[in-house]
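These are the residues of each chain, in order.
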Amino acid sequence: MNRILIPVALLLFLSGAATVGFSERPWAPRSDVEQPIPFSHRVHAGINKIPCQYCHEYARRSATSGVPPVARCVGCHGSGLLGGIKPITQPWTDDHQPPFEIRWNRVYALPDFVKFVHKPHIWAGVACQECHGPVETMDRVVPVHEINMGFCINCHTKRGATQDCFVCHH
Amino acid sequence: MSDGLSRRSFLKLAATAGAAAAIPGCEPAARKIIPYVVPDENIIPGVPSYFATTCGECSAGCGIIAKVREGRVIKLEGNPADPISQGAICARGQAALQGVYNPDRLSKPKRRKADGSLEEIGWDEALKLFNDRLAAAAKAGKDRIAYIGAPQGPTLDRLTKLWAGAFGSSRVVFWERIGTEPARAAADACFGRRDLPIYQLDRADVIVSFGADFLETWGSPVEQTRQYADFRTPRMRRGGLSIGKAAYVSPRMGITGAKCDAWVPANPGTEGAVALAVLNVMAGAGSLRHAGTAASAIQAQLAAYDPESVSRKSGVPVSQIKQMADWLGQAESPLALPGGDDPQTYLAAYAINALTGSVGNAMVFLAGAPAETASRPQETSAVVQAIGAGQVDVVVIAAGANPIFTMPASWGAATAIGRAPFVVWFGDAPDDSAQAAQLLIPTHHHLESWRDSAPRAGIYGLGQPVMQPVFPSRVLHDILLESAHLGAGEAAQSITWENAQDAVNAAWQELQSKLGLDPMGAEFWNQMRRNGGSFERAKALNVAFNPDALKGATPARVESESALLLAAFPHPFLYDGRGANKPWLQEIPEPSNQIVWDSWAEIHPETAAQLGLQEHYKSTYLYAGIDVIEIATPSGTLELAVHITPLVKPGVIAAPIGQGHTSYGRYASGRGANLWAFLPAGSRAVPVRARKIERQYKLVTPLGKSDMMGRSIVEVMSVEQLANGIKPPIELEEEENTPKLPYEMYDAWQYTGHKWGMTIDVNACTGCSACVAACYAENNLPFGGKEEVDKGRVMSWIRIERFIPSADEAAAAPNLYIAPVLCQQCDHAPCEPVCPVFASHHTPEGLNAQIYNRCVGTRFCENNCPYKVRRFNWYPAEWPEPLNLQLNPDVTVRGPGVMEKCTFCIQRITNAEIDARTEGRQLVDGEIITACAQACPARAISFGDLNDANSAMVKRRIDNPGRTYTMLPEFNALPAITYLRSLYWEKGKA
Amino acid sequence: MAAAIDTEIQPSYVDVDRQVQRALAPGGLKYWLWVLFCAFLTALGGAFWTNQIYNSFDITGYGQPTMWAVYITNFVFWVGIAHSGTLISAILFLFRVRWRTAIFRLAETMTVFAVATAGLFPLIHLGRVWFFYWLVPYPNERSLQPDFRSPLVWDLFAISTYLTISVLFLFTGLIPDIANARDKAVGWRRTFYSILSFGWQGTDRQWRNFATVYLLLAGFATPLVLSVHSVVSWDFAMTQLPGWHSTIFAPYFVAGAIFSGCALVLTLAIPARRLMKIEGLITIWHLDNLSKVVLLTSVIMTYSYATESFMVWYTQDPIEMATFQQRYYGPQGYMFWMMITCNCAIPLLLFIPRVRTNTVWLFIISIFVNIGMWLERFVIFVGSLSTNADPSQWKFYVPRLTEVIITIGSFGWFLMNFSLFAKFLPIVSMTEMKEGISWLKQAVREVYPYRKAA
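Only a predicted model underlies this, so the values are computations on that prediction, with no experimental measurement involved.

Observations regarding a nonpolar patch on the surface
All names here are of chain C. Residues Phe132, Tyr133, Val136, Phe148, Leu156 and Phe157 make up a contiguous nonpolar surface patch of about 500 Å² in total accessible area. Relative to the assigned elements, leucine 156 resides in helix α6 (residues 151–184). Using a relative accessible area of 31% as the deciding quantity, one classes leucine 156 as partly exposed.

Some points on the packing of aromatic side chains
Applying the stated rule across the entire model yields 76 aromatic pairs over all chains. Look at tryptophan 78 of chain C and phenylalanine 411 of chain C: their rings are 4.9 Å apart centre to centre, the planes differ by 55°, and that puts the pair in the tilted class. With tryptophan 78 of chain C in helix α4 (residues 70–94) and phenylalanine 411 of chain C in helix α15 (residues 401–424), the pair connects residues that are 333 residues apart, well separated along the chain. Given the relative accessible area of 1%, tryptophan 78 of chain C is considered buried. An aromatic cluster is defined as three or more aromatic residues linked by ring pairs; in this entry it consists of Phe860 of chain B together with Trp68, Phe236, Trp244, Phe249, Tyr252, Phe253, Tyr305 and Phe381 of chain C. Note that arginine 854 of chain B overlies the ring of tryptophan 134 of chain C, its terminal NZ or CZ placed 4.9 Å from the centroid. Just above the ring of phenylalanine 57 of chain C sits the side chain of arginine 859 of chain B; from NZ or CZ to the centre is 4.5 Å.

With respect to empty space enclosed by the protein
All names here are of chain B. Taken as a whole and judged by the stated rule, the model has 19 cavities of 30 Å³ or more. Size it by volume and the second largest cavity reaches roughly 390 Å³. In terms of lining residues, the second largest cavity is bounded by 24 residues, among which Gly211, Glu271, Gly340, Ala568 and Arg684 are the most central. For the lining of the second largest cavity, the secondary-structure elements that each account for two or more residues are β13 (245–250) and β23 (564–570). Grouping the constituent residues of the lining of the second largest cavity by class yields nine nonpolar, seven polar and eight charged.

Notes on the confidence of the model for chain B
Residues and elements named next belong to chain B. Residues at a pLDDT of 70 or more form 94% of chain B, whose mean pLDDT is 87. With pLDDT under 50 throughout, residues 1–29 is counted as low confidence; its partners more than four residues away or in other chains account for 66 contacts. Within the model, pLDDT remains below 50 along residues 619–623, and this stretch shows 21 contacts once partners closer than five positions in the same chain are excluded. The complex model carries a pTM of 0.90, and its ipTM stands at 0.89.

With respect to unusual backbone geometry
Trans peptide bonds make up the majority, and among non-glycine residues the majority have a negative phi. Geometrically, the link from glutamate 881 of chain B to proline 882 of chain B is a cis peptide bond, its omega value of -5° lying close to zero. By the secondary structure assignment, proline 882 of chain B is in the loop between β35 (871–872) and β36 (899–900). Glutamine 64 of chain C connects to proline 65 of chain C through a cis peptide bond whose omega is -15°. In this structure, proline 65 of chain C sits in the loop between α3 (29–55) and α4. The backbone of arginine 939 of chain B shows a phi angle near 55°, a positive value even though the residue is not glycine.

Topic: the nonpolar core
All names here are of chain B. The biggest cluster of nonpolar side chains holds 340 residues, and the ones touching the most others in it are Val73, Val278, Tyr350 and Phe904. If we skip the residues at most four places from it in the chain, valine 278 touches Phe210, Ile321, Met324, Ala325, Leu328 and Ile352. Judged by nonpolar contacts, the second largest core, of 48 residues, contains Ala137, Phe167, Val172 and Ile441.

Here's the deal with the interface of chain C and chain B
Contacts between chain C and chain B engage 52 residues on the former and 57 residues on the latter. In total, about 4,700 Å² of surface goes out of reach between chain C and chain B, with carbon and sulfur atoms giving 58% of it. On inspection of chain C and its partner chain B, the count reaches three salt bridges. The residue aspartate 58 of chain C makes a salt bridge to lysine 791 of chain B at a minimum N-O spacing of 3.7 Å.

Looking at the packing of helix α6 (residues 181–191) of chain B against helix α13 (residues 343–355) of chain B
Residues and elements named next belong to chain B. α13 packs onto α6 with a crossing angle of 45° between their chain directions and a minimal axis gap of 8 Å. It follows that α6 is oblique to α13 by the angle criterion. The element α6 and its partner α13 pack so that their crossing is right-handed. Taking contact as the criterion, the partners of Pro182, Ala183, Ala186, Ala187, Ala189, Cys190 and Phe191 in α6 are, on α13, Pro343, Tyr346, Leu347, Tyr350 and Ala354. For the contact of α6 with α13, the residue count by class is 12 nonpolar, no polar and no charged.

Examining the sheet that holds strand β27 (residues 652–657) of chain B
Ordered by their spatial adjacency, six strands build a closed barrel running β23-β27-β24-β26-β25-β28 (chain B), and the pairing between neighbours is mixed. If you compare each strand with its neighbour and ignore which way they point, the axes differ by 45° on average.

Things to note about the pairing of strand β30 (residues 756–761) of chain B
Residue and element names in this part refer to chain B. Burial within β30 is extensive, with six of its six residues counted as buried. What you see with β30 is no split at all: Trp756, Met758 and Ile760 on one side and Gly757, Thr759 and Asp761 on the other are buried throughout. With five bridges connecting them, β30 and strand β37 (residues 941–945) associate as antiparallel partners. Its bridge partner being in β37, threonine 759 is matched across the sheet by serine 942.

Observations regarding the packing of α4 of chain C against helix α9 (residues 249–275) of chain C
Working note: a packed helix pair is described by the angle between its axes plus the distance between those axes. Residue and element names in this part refer to chain C. Contact geometry of α4 with α9 gives a least axis separation of 7 Å together with a crossing angle of 75°. By the angle class used here, α4 and α9 are roughly perpendicular. Contacts between α4 and α9 involve Val76, Trp78, Gly80, Ile81, His83, Ser84, Leu87 and Ile88 from the former and Phe253, Ala257, Ile258, Ser260, Gly261, Cys262, Leu264 and Val265 from the latter. The residue inventory of the contact of α4 with α9, partitioned by class, reads 11 nonpolar, five polar and no charged.

Overview of the pairing of strand β17 (residues 394–398) of chain B
All names here are of chain B. Across the five residues of β17, five count as buried, placing the element largely inside the fold. Burial along β17 is two-sided: the residues Val394, Val396 and Ala398 and Val395 and Ile397 are all buried. Sheet topology places β17 next to strand β18 (residues 422–427); four bridges connect them, and they run parallel. Bridge pairing in β18 links valine 396 to valine 424.

Definitions and cut-offs
Residues numbered from 1 in each chain as written. Chains lettered and ligands numbered in written order. Predicted model: local features only at pLDDT ≥ 70, side-chain atom pairs only at ≥ 80, totals over all residues. Heavy atoms only, no water. Patch = residues over 30% accessible without salt bridge, like charges linked within 9 Å, V, L, I, M, F, W, Y side chains within 5 Å. Areas by Shrake-Rupley, 256 points an atom, 1.4 Å probe, with all protein chains shown as cover. Salt bridge = Lys/Arg side-chain N within 4 Å of Asp/Glu carboxyl O. Helix = DSSP H or I, 4+ residues; strand = E, 2+ residues; numbered from the N terminus. Buried < 20%, exposed > 50% of the residue type's maximum accessible area, 1.4 Å probe, protein only. Phe/Tyr/Trp six-rings, centres within 6.5 Å; stacked < 30°, edge-to-face > 60°. Lys NZ or Arg CZ within 6 Å of the ring centre and 35° of its normal. 1 Å grid on protein atoms, 1.4 Å probe; cavity = no way out; pocket = protein on both sides within 12 Å on 5 of 7 lines; lining within 4 Å. Points joined across faces, edges and corners; volume = space filled by probe spheres on them. Nonpolar A, V, L, I, M, F, W, Y, C, P; charged D, E, K, R; others polar. pLDDT = per-residue confidence, 0-100. Contact = heavy atoms within 4.5 Å. Core = buried A, V, L, I, M, F, W, Y, C linked by side-chain atoms within 4.5 Å. Buried area = accessible area lost by both parts, 1.4 Å probe. Axes fitted to C-alpha atoms, helices over the stretch in contact; angles between N-to-C directions. Parallel < 35°, antiparallel > 145°, perpendicular 65-115°, else oblique. Left-handed = near helix turned anticlockwise from the far one by under 90°. Pairing = 2+ DSSP bridges.

Structure (structure tokens):
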């Protein structure tokens, strides 16, 4: 008997494990994302203590936190001629012509059927780090939490926020 | 918005967001984030911005507000500041979105090669070709250039004239087939002024419409619908509770006839005669209070129009003519509405209004009426003849005028334009006329360009671009100006502006000084842009009626002795044909017949029997295979599928105008027949011969049965019952059949916060379907096309139910049962407990939620829904580029295999609640308006919080205790929607 | 024929073994062609299902308002089929009914494969079949569970329980027979059988345990005969849809299930006994008794139809009445009348003994009953949906190629499994045949006289 049963059971288990292991979960945050320029959150948010919402200015007003316009960078770094803080991205800016369009790569993406809105979370006093982790310590942003429904629900339960599916899924 | 993000970054943004929105289910969204180079303070990504502008879909020129997300307009709503629309908008207005995002828009200039095919060419080449041709034509002599376009508002039209003038041409016509010429001519004859009178239906207590489908296409339907709803609202009149009385003289009922007490079937073209007969009777009865001594003279003039002879001609019984005369005579402020193309209809109606003292009250002429926008037909035909006679070198067809499609066959527009040496076509979606052009140049949609409108005295609408152009097109008038500056030399010096924007701006500066509007300077301009224009109250004029005008009354054009009459009517959505390339307008059923994506011939059962026509049923209630008839008109024969219906006069074939495009994009071309081509100039009726041919055709409708079978779907009661507090039979029946509601087996739901509900006044609803279009736009509803509708896969969350009262009901019912049906958001929702995965569940605010991403598609919920308001995604929804840019980012795009339904616009509710919470305040009543309620011109739908006793929605129920009912109460579903019964006069049937 | 009759009259233990063994002999070309044909139908159905998953329901005839149509009809049809098997094998076992011995194995096999077929249809019917497991309660990070108020969840449990019990019951019964086959088999068949026989030696202790387990399982299975199809019927009775919302559904469905099931047993047994030359075991006597059950249930169905209609008339509810008016005289009314003919009229022929003992007649009648019972489900489900509470939403459903092919495929799938089973495992229980051999002799003697006259 066992001559048959054990291999069969083993096979089933392995195939199951393989499916879970290798299946692509499109919405899992990416830890392998490289950005077009070597931008460092550690330098900006960590060392220089620039508040998150200085650059991600829409977070408290909108669904999306927003990625800073190049103009915002130029605000501090100035342009080549006018001096200003010399960004380590100088080589990059040298071989690009203005307007510098930085095509960032997404780290966090949500499916179309999840209507997450930053605004109420900011106003409810949720710190950015609670979802995005200690970004101010990262040179390259890597996700700390896997942002899935379980993650949301846990926090909502803790804080006694709404549990109504319809609020996020519509 | 005028100076905003660069087009490139806009398009990228749009592409990103569009991709994100258009992918259903479980694929990663675009993995790129492209920030603005320079941020636009107008735009917070994720937060809509609103721009006031004017609607360019028809000549009514309503003020609208465009909702813009990430630089793309995703929704149009009425502008509350505009006294005409007062915040409402019609289905056609909504569909402007599908005009600007139409996948068949011209993206590059094209030139026609020798073999007739089109080749793309560069802008410079195209403009050079255009300018050279113009210069050459200008050299060749005067009037060698002809411009045919639709009216674009005073400033741009003036600009066009100047442009042509610079090239020494006066052949500029602004063409509208459905024009105002007869109205103006009659006004001239009667009152000595060519203005259009303004009608105030809400001031009348009796309305008789002679061929004016004032709830469909005539005049400004949005305004008239609102006024008519007010007119029909029960209130104290002459010491008794009553509603206005209305009659509609027309060959077909339509929804106008459906909402009137009396539909008076008359042969097409004889409405005028009937009107004169009515006037005649009134004169005889001495009810022309203000005629004084002239009454007898008038009666003498109208000797030819005695009821008997007119009755013979028009097929209207003498009794009905007398009845209408009686109604008008008895009324305090009667109102006669003239429609159609027959001047004498207008003469008669004006006479009735003037002599009963309604002019200055229900019908007024305003001081400072705007100049005529459209050219007179004779001018236009003259230009066409000139083109045909080879007196024109360059023909410019622009701005959506589609002469080859709309002009009468007798003018021979097609051949004339075909003969012209050089034809240039400007526009967005190439139409039938573009086929005759050698050069096609893409221009901005009206939502992308500057313009203004002056629909009536005191109202100046400002149209501003609400978004960057979708396609690399250009502004028509910029091109014209440029050509003038280049080619016309010093003749063009008079034109001082750089471009159309300057012109509009300049015009408004003039306007400011003219009207003495404060504040001054730039602030004025900004204010105008914020308000969408300047809306002043113009004062009414005292006009004197000239009785001799009636001498001009000529006998009706169409003599009804011939067996059959073809009565063409403008399709409520497709209008004169310009709507046909917008899938929403094709997919929304025509309200009175419920037919989609087609044109048809309405024929009365009697006539059908005579012609041996019948419906061939397959095992389905849809019109599966109907006989096709060949209709022989003086200008050729056409074939139409028959729709056998009692809603048309016997002996008349009624057919909708608007289909039958040879080329107008994928949604319009090769569909039905173009009626314009068979109608004589200045008339919409023609005597025809018809015979059955051996072919069957399938007209498609989402409507199952037209018989309500006495069920409580659209409930009605008579004014008398309401006034005397008598319960209508159906209510008594329900009371004895159903247990005392609410019957609760378990504890009832408790709503601590809000509890959303609706009150819908069926009496006000005209079935105009603006709500349906609004829902399509707001909630990303897919359109399937004729085939999918045929399979019963219409996706609309809200639908207009239309039933025909059966013979025994007819005595105690309006002409049609019409009501909007959407999810009733029940407390005992049958859909909820049957869902195995909680995709359908009850929210704390009383909504029946449907969680798309949880739905596995067992479809049990729809089986158990008595109202059948849930929709299943049978097919993968498709929005051909760039239609997908219109999708609302706040609403999930549903993939195939999931159930979807009305959510009371949950995205609007959620956003409002977030705003209120973050601002630390309570929601105020009216802060949240669902798309359907917002659009409704009749204000039939009100949305609000049932827990808030002061909300307008709750008040509306309290104020109408006698009329409230819930749909299908025997299911004890406890809907959150309460309807108000429709009203009719027991003795209303004329 | 004479020889055959003799064997019918005088089957001995040896006969039983010999005949069953003969049936287990390697199949000939014809047999494999038949299996191949069934396999082809199955594959075809599978292909169309794949296509449907890929292209969504666009390619089917589905649409408003007929959310459920052919697939659910097939589901209920096959579940119904299953029940008679359990009835014969479990209930009749507990009642020690003698004529069950020869046919219960066949009926039970039919049960298992019918349920296996039925189980496919709720999946085929799903809009997003790849999420079917959301109906199963399992721990997940979303902390979401199925809604136990939904009849569909009850259904899931009912069907899975039923499948489990039936398989166990069938297999337990098989063990001694397989051991029997093992002892005579050679080559790979021997290994095959020895694995399946779980080392059965036929010792006294084994027999005692066997009897206990078998009795227990029979006890388990018995309530399922009633419960499973009641639950299935609640998918409909629990809704508010006119034509579904009726308390009569549970008993009515169970009766219908037995009816169609026994009919299908006939449909299968008659060719099987001929092809496998086991007329000696499955005798006219058995068929005769089986057809009596069919007759009884047919009359019960007739009564149910009458009651259903009477109740509607009695309530005088206009909406219900309209639905039934459409059911009888509507565009698809012909189906209703066909159903009445097949389910109520034709089976009455079984009152005639000669018909009951004539395999040809029985076969034809059983086919009609199957058609009738399929139509019944279609009429009730689809018809009621088509004529719902809102006349503006009425529309009648017409299946398209996909549904038809998948339905045919399901028959292919069922017959393939059944044929394979019949060839490789004893389709008649030798054990019980031997137990009841004396009854058989006597019974055949009883039936024989008037059969001869036939």
